[in-house]
Amino acid sequence: MNWQDVAKALFPQGHRITEQDNFLSGEAQVGGQTVTVIGTTDHTPIGVDIALAQATVILNTVREHPGRAIVILVDTQGQRLKRRDEMLGINSYMAHLGKCVELARRSGHRIVGLVYDQALSGGFITSGLIADACYALPDATIRVMGLPAMARITKVPLERLEELAQDNPVFAPGAENYLRMGGVAAIWRENLAACMEQALAQAEPVDRRAELGLERGGRKLARPVAVAVRTGTALQRDA
Amino acid sequence: MSSYQEATARQRIAGMCDAGSFTEFLPPHLRVVSPHLHQLDAPVSFDDGVVVGSGTVNGRRVFIAAQEGGFMGGAVGEVHGAKLVGMLQRAVDERVEAVLLLLETGGVRLHEANAGLIAVSEVMRAVLDTRAAGIPVIALVGGSNGCFGGMGIVARCTNGVVMSEESRLAMSGPEVIETAGGVEEFDARDRALVWRVTGGKHRFLTGDAQAVVADDIDAFRDAALQLADAARTEGTPLTLEALEAEQRMLTSRLQRFGELEDPLEIWEGLGVERPQDVPLLEIDAFRELAERHREGAKP
């Protein structure tokens, strides 16, 4: 999906987002407030360069605009698969980006992620999944990897995975399944500007995804297991 | 000497903790297993591939987690991730002196795809929450499966990473890169190249590992405690100043080395006179050399 169309719908009060080599950055107006926007487009893989560029914008926002909300627009095929990126320590660049977002969160910035097209694996962990809350458009594709590659690595026949993907939120790509598991807070079907304004107003720094996954039935054990370990009590399977 | 690499997760914990001091949370006899693996006719493990609990190390109370590389490569599924999250939260509740994460993992467990990805993200946030509460979190990477995928990111969200020279820390595995980009992009069977790109010596020289040790459980323990002490002295939470310093290091690395092909050239760029000798150096000789050249070194 074209990022300009998404930006227009999200920010009818105006925005100054620019694209450089598939990296989006700039400012936008939401409910009379200025927000910082970062993101990627054209399914671009996240390499060391883009991760660092995004982190730079986040740190600048923390330094120069205390408390200003941050919006992360997600469209990526995942981390870049290059020897150069690994040699330079791509995991450190991504961790740096994640830590910069975390610093912003702890400094009072609210952070909302939106998967407007595609989100995969490592590129998602340090974008939508590190926000206070992550949302998605109905046609968004979210997954760890494609089913054929998954079949190769897990040695599970592709037909079996395809069958499971029909009704099992764990295997199927798509925003709906991440919603059921709590990884996506909600799917935005209409009036994106109002959705964004509400999301920023509701954003909170506490990670509630395991609770949501339990409530919605997509991840029934994550929350009970964490609670059992934390409190030293017996596992409450139906808690 | 007791090899860290050859030990199981439970042997590593036994080797790190004072004798008899370890108590496991949600131990295997409770049989809390993955709810997803049976659909794929895959075997389950009664600890879901990770041991978490409390113990003392040199008399100090710590929480320890150890991933078992022998079960699905240490990969993170729903239960596995939740055990790590629960332990990190409990570390804050009980104000332990440190959390030690003995990471050996390929990252997200593909058999639990979507649930595994969210779990890794929750572990990452929980690590940062624990640090924010003033508890040092240290990652130890010394297993034969290395530390990859999202957990490679998590390792670098801790207060410090201890590696052995044999171990590997990265994002995508060489096989994955070779599959995607061909053998010219990354020859996964060239072991020397793989170790130059992902191994402990390279990560220590470039500033991504804060300690490099011999493949010895005692050496790992001592280095981890030192890093935990240093973190407590400096303050465990993220700060703008520390992230600005990290950004300078990563920016400089990209500018100086972004066009290079091989870690040998990076080591040369760092001022190492005979980079080709680095892979052969014994650990003490290597550390002596590295202290003069490595990035991120503190005076």
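Quantities reported herein were computed from a predicted structural model and do not represent experimental measurements.

This next bit is on the overall build of chain B. Counting secondary structure elements, chain B contains 11 helices and seven strands. The C-alpha radius of gyration of chain B comes to 19 Å, within 12% of the 19 Å expected for a compact globule of 299 residues. By the burial criterion, 57% of the 299 residues in chain B qualify as buried.

Okay, unusual backbone geometry next. A negative phi angle is the norm for most residues apart from glycine, just as the trans form is the norm for most peptide bonds. Phi is positive for Asn22(A), which is not a glycine, with a value near 70 degrees. As for its placement among the helices and strands, Asn22(A) is situated in the loop between β1 (15-20) and β2 (23-30). In this structure Asn22(A) comes out as partly exposed when scored by C-beta crowding, with 17 C-beta atoms within 10 Å. Backbone geometry places Asp48(B), a non-glycine residue, at a positive phi of 50 degrees. By the element assignment, Asp48(B) lies in the loop between β1 (23-24) and β2 (50-57).

All names here are of chain A. What the domain assignment lists for chain A is domain 1 (3-205) and domain 2 (208-239). Between the C-alpha centres of domain 1 and domain 2 the distance comes to 25 Å. Listed by partner, the interface residues are seven residues for domain 1 and eight residues for domain 2. For the side of domain 1 that touches domain 2, the residue count by class is three nonpolar, three polar and one charged.

Let us now look at the sheet that holds strand β3 (residues 33-40) of chain A. Residue and element names in this part refer to chain A. On the basis of which strands lie adjacent, the open sheet formed by seven strands has the order β1-β2-β3-β4-β5-β7-β9 and mixed pairing. Every other strand in the sheet has two partners, leaving β1 and β9 (186-187) as the edge strands with one partner each. As paired strands, strand β7 (residues 133-136) and β9 are joined by two bridges and run parallel to one another. Looking across to β9, one finds that Ala 136 is bridged to Ile 187. Each of β1, β2 and β4 (70-74) is contacted by helix α1 (residues 3-10), which is oriented at about 165 degrees to β1, the strand it contacts most.

Across the contact, 65 residues belong to chain A and 70 residues belong to chain B. With 13 residues, the top contributor of residues to the side of chain A that touches chain B is helix α4 (residues 90-106) of chain A. Looking at the side of chain A that touches chain B residue by residue, the class counts come to 36 nonpolar, 15 polar and 14 charged.

Note on placement: Gly174(A) falls in the loop between α7 (158-167) and α8 (175-180). Sequence-distant contacts of Gly174(A), that is, excluding residues within four places in its chain, are made with Thr141(A) and Ile142(A).

Taken N-terminus to C-terminus, the directions of α4(A) and helix α9 (residues 240-257) of chain B make an angle of 155 degrees; their axes are 11 Å apart at the nearest point. When the axes of α4(A) and α9(B) are compared, the pair comes out roughly antiparallel. Relative to α9(B), α4(A) is oriented so that their crossing is left-handed. Between α4(A) and α9(B), the contacting residues are Ser92(A), Tyr93(A), His96(A), Lys99(A), Cys100(A) and Leu103(A) on the first element and Leu240(B), Leu243(B), Glu246(B), Gln247(B) and Leu250(B) on the second. Among the residues forming the contact of α4(A) with α9(B), the class breakdown is six nonpolar, three polar and two charged.

Residue and element names in this part refer to chain A. Taking 1.5 Å of rise per residue, the 17 residues of α4 would be expected to cover 24 Å, and the 24 Å separating its terminal C-alpha atoms lies within 8% of that figure. In terms of burial, α4 is a largely internal element, 16 of the 17 residues being buried. Taken from the residues just after α4, Gly 108 is the one with a positive phi, measuring 100 degrees.

Attention shifts here to the packing of helix α2 (residues 78-94) of chain B against helix α3 (residues 113-132) of chain B. In a pair of packed helices, the angle between the axes and the distance between the axes together describe the arrangement. Residue and element names in this part refer to chain B. It is at 9 Å that the axes of α2 and α3 come closest, and there the two elements cross at 10 degrees. Of the possible angle classes, the one that applies to α2 and α3 is roughly parallel. Crossing of α2 against α3: the hand is left-handed. Contacts between α2 and α3 involve Glu 78, Gly 81, Ala 82, Leu 84, Val 85, Leu 88, Gln 89, Ala 91 and Val 92 from the first element and Ala 115, Gly 116, Ala 119, Val 120, Glu 122, Val 123, Ala 126, Val 127, Asp 129 and Thr 130 from the second. When its residues are assigned to classes, the contact of α2 with α3 shows 12 nonpolar, four polar and three charged.

Below, the discussion takes up the nonpolar core. Residues and elements named next belong to chain B. One finds Val 99, Leu 100, Ile 138, Leu 140 and Val 162 to be the most contacted residues of the largest nonpolar core, which totals 178 residues. When residues in this core are grouped by element, the largest group, 11 residues, is from α3. Aside from chain neighbours lying at most four places away, what touches Leu 100 is Met 16, Val 62, Ile 64, Ile 138, Leu 140 and Ala 224.

Criteria and cut-off values
Residues numbered from 1 in each chain as written. Chains lettered and ligands numbered in written order. Predicted model: local features only at pLDDT ≥ 70, side-chain atom pairs only at ≥ 80, totals over all residues. Helix = DSSP H or I, 4+ residues; strand = E, 2+ residues; numbered from the N terminus. Rg over C-alpha atoms; globule rule 2.2 N^0.38 Å. Buried ≥ 20, exposed ≤ 12 C-beta atoms within 10 Å, placed from the backbone. Domains from an automatic or database assignment. Contact = placed C-beta atoms within 7 Å. Nonpolar A, V, L, I, M, F, W, Y, C, P; charged D, E, K, R; others polar. Pairing = 2+ DSSP bridges. Axes fitted to C-alpha atoms, helices over the stretch in contact; angles between N-to-C directions. Parallel < 35°, antiparallel > 145°, perpendicular 65-115°, else oblique. Left-handed = near helix turned anticlockwise from the far one by under 90°. Expected span 1.5 Å × (residues − 1). Core = buried A, V, L, I, M, F, W, Y, C linked by C-beta atoms within 7 Å.

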